[in-house]
Every structure is written in C-alpha cells, then in structure tokens.
Amino acid sequence: MEITYKNKKMKDVCTNYSCAVKKYGEHMAYKIHIRIDNIKAFDRVEELIAYKIGRCHALQNNRRGQYAIDLEHPYRLIFTVKGNEIQIANILEIVDYH
C-alpha cells in the first residue's frame with residue numbers, strides 16, 4: 001500500500017527514525033518503523049488482517065472505518081484506508097485508545 005499522513009508531525013515520526021526516538025523512545029520508534037514497513041509491504045488491509053500482522057484489526061463505534069495495528073502495549077498505530085483496487089493507508093495517530 002501507499003501511505004499518506006494526517007499531518008507533518010505524524011509523517012516525521014513515521015519516516016524519520018531519530019524524530020520517532022525523540023518523541024517515543026528507542027523501542028517504540030523501532031516498532032513504529034516496522035509497522036510502517038509492514039503496511040507498505042502489503043497491497044490491501046485485508047491481507048494485513050488475514051496474516052495477523054501486528055494484530056491489525058478494524059475498529060468499531062466512534063472509530064468505525066479506522067484500523068489499528070499494535071505497537072508497544074498499550075499503543076496502536078491508527079489508520080484509514082482509501083480506494084478499492086489500489087489502497088492507500090492514511091496514518092492518523094499513535095494512541096492508547098483503551
């Protein structure tokens with residue numbers, strides 16, 4: 001999938017390892033960048049779910065239409081998907097929504 005970002009701050013964290021380390025620490029930065037690579041490696045979100053990559057799953061209720069993928073507990077990388085044939089993941093936030 002191609003990836004877009006909600007804003008410049010989110011893009012910096014997800015594409016610049018040192019920026020992610022400053023904001024979240026070494027271990028979390030590593031997980032963020034692994035998950036971004038996972039998303040890029042697949043064509044469709046359904047594949048991420050089927051292969052259980054980072055326990056990727058669709059969210060419900062007020063987050064309907066969004067997907068979550070595990071980072072370091074309890075944090076999740078939240079994204080939406082645009083398109084049918086060619087999907088684009090739009091990274092929204094890194095959050096503990098529990």
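For the structure given in this document, a descriptive report is provided here. (Residues numbered from 1 in each chain as written. Predicted model: local features only at pLDDT ≥ 70, side-chain atom pairs only at ≥ 80, totals over all residues. Heavy atoms only, no water.)

Examining the environment of Ala-89
- If you trace the backbone, Ala-89 turns up in strand E5 (residues 88-95).
- Residues Ala-89 and Asp-43, spaced 46 residues apart in sequence, show a C-alpha to C-alpha distance of 9.9 Å.
- When sequence neighbours within four positions are dropped, the list of residues in contact with Ala-89 reads Met-1, Glu-2, Ile-3, Thr-4, Ile-39, Phe-79 and Thr-80. (Helix = DSSP H or I, 4+ residues; strand = E, 2+ residues; numbered from the N terminus. Contact = heavy atoms within 4.5 Å.)

Let's talk about the pairing of E5
- Of all 8 residues making up E5, 6 are buried, and the element is well covered by its neighbours.
- The pairing of strand E1 (residues 2-5) with E5 spans 4 bridges and is classified as parallel. The partner of Tyr-5 across the bridge, within E5, is Ile-91.
- When strand E4 (residues 76-82) meets E5, the two strands line up antiparallel, connected through 7 bridges. Residue pairing across strands places Leu-77 opposite Ile-94, the latter belonging to E5. (Buried < 20%, exposed > 50% of the residue type's maximum accessible area, 1.4 Å probe, protein only. Pairing = 2+ DSSP bridges.)

Here's the deal with helix H1 (residues 8-15)
- Along H1, the residues that are buried comprise Met-10, Val-13 and Cys-14. For H1, the angular spread of the buried residues around the axis is 90°, confining them to a single face.
- The inward-facing, buried residues of H1 contact E1, helix H2 (17-24), helix H3 (26-41) and E5.
- Between a side-chain oxygen at the N-terminus of H1 and the backbone nitrogen of Lys-9 the separation is 3.2 Å; the capping residue is Asn-7. (Arc of directions from axis to C-beta. Polar contact = N/O pair within 3.5 Å; in protein donor to acceptor, adjacent residues only side chain to side chain.)

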